[in-house]
Amino acid sequence: MDLEGTSLMKVGLVLLMAAQVLPLVSGCNKGFYERMINDFCLPKFKLDMGGLDRGLWCSWPHTLEPYEGLTNCTYQVALRMDCFWPNQIIDRFFMQIHRIYFHDCALTGRLIQDPPISILGPFIAVPVLVTLLVTALVVWRSKCSEGVI
C-alpha cells in the first residue's frame, strides 16, 4: 500500500513537471505571435478598411476580401511560428476587430433596410382585410340571431 502511494506521488510529480516544461518546448511564443499579427497583419486590414466608405463596413461583399486577407494572414503567421490556429490570441484579436469595425452591423452581416413594398404590402393588407371581414361577419351574425332567442 505504501509502495503504491509513493509511485502515485512520483507520477503526479512527473506530470506536474511536464505541465511546467511542455509549454516552453511547444515552439509558440504567444507574446511574439500577438505582436506579429498586430504589426504585420493589422496594418494591411486597417488600410483596406480605411479605403472603404464607413457606410460599407457592414456590407459583406465589400468587406469579404479584407477580412479574408486578415484571417489568412493570422493563419500564415501561426503556421510559421508553430502556433495553433485558432487560439485564444486570435479570438481576442478578432473580438477587438469586431468591436472597432463591425459593432453597428446586424448579426446577419447585411445592411439593415426595409423590404420592398411588393413584400411588405401583403403583410399589411391581409391582416387589415381579415380584421374587417371578421368584424363584418360578427356584426351580421349578431343581427341575424336577435330574432332567434
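What comes next is a walk through the structure. Predicted model only: the values in this text are computed from it and were never measured.

**Quick word on the pattern of salt bridges**
Thinking step 1. Going through the model one piece at a time under the given rule, you end up with 1 salt bridge.
Thinking step 2. Here Lys44 and Asp48 are joined by a salt bridge, their closest N and O atoms 3.0 Å apart. One end of the pair, Lys44, and the other, Asp48, are both in helix H2 (residues 30-51), 4 residues apart, so they sit about a helical turn from each other.

**As for the packing of H2 against helix H3 (residues 60-80)**
Thinking step 1. Packing of H2 against H3 leaves a shortest axis separation of 10 Å and a crossing angle of 165°. Accordingly, the angle class assigned to the pair H2 and H3 is roughly antiparallel. As H2 runs across H3, the sense of the crossing is right-handed. Taking contact as the criterion, the partners of Tyr33, Met36, Ile37, Phe40, Cys41, Leu42, Phe45, Asp48 and Met49 in H2 are, on H3, Thr63, Pro66, Tyr67, Leu70, Cys73, Thr74, Val77 and Ala78.
Thinking step 2. Of the residues in the contact of H2 with H3, the class split is 14 nonpolar, 2 polar and 1 charged.

**Some details on the nonpolar core**
Thinking step 1. Counting 25 residues, the largest nonpolar core has Tyr33, Ile37, Phe45, Ile97 and Phe102 as the members making the most contacts within it.
Thinking step 2. Counting residues per element, the ones that place at least two in this core are H2, H3 and helix H4 (88-101).
Thinking step 3. Discounting residues that sit within four places of it in the chain, Ile97 has contacts with Leu42, Phe45, Leu70 and Phe102.

How each quantity is defined
- Residues numbered from 1 in each chain as written.
- Predicted model: local features only at pLDDT ≥ 70, side-chain atom pairs only at ≥ 80, totals over all residues.
- Heavy atoms only, no water.
- Salt bridge = Lys/Arg side-chain N within 4 Å of Asp/Glu carboxyl O.
- Helix = DSSP H or I, 4+ residues; strand = E, 2+ residues; numbered from the N terminus.
- Axes fitted to C-alpha atoms, helices over the stretch in contact; angles between N-to-C directions.
- Parallel < 35°, antiparallel > 145°, perpendicular 65-115°, else oblique.
- Left-handed = near helix turned anticlockwise from the far one by under 90°.
- Contact = heavy atoms within 4.5 Å.
- Nonpolar A, V, L, I, M, F, W, Y, C, P; charged D, E, K, R; others polar.
- Core = buried A, V, L, I, M, F, W, Y, C linked by side-chain atoms within 4.5 Å.
- Buried < 20%, exposed > 50% of the residue type's maximum accessible area, 1.4 Å probe, protein only.

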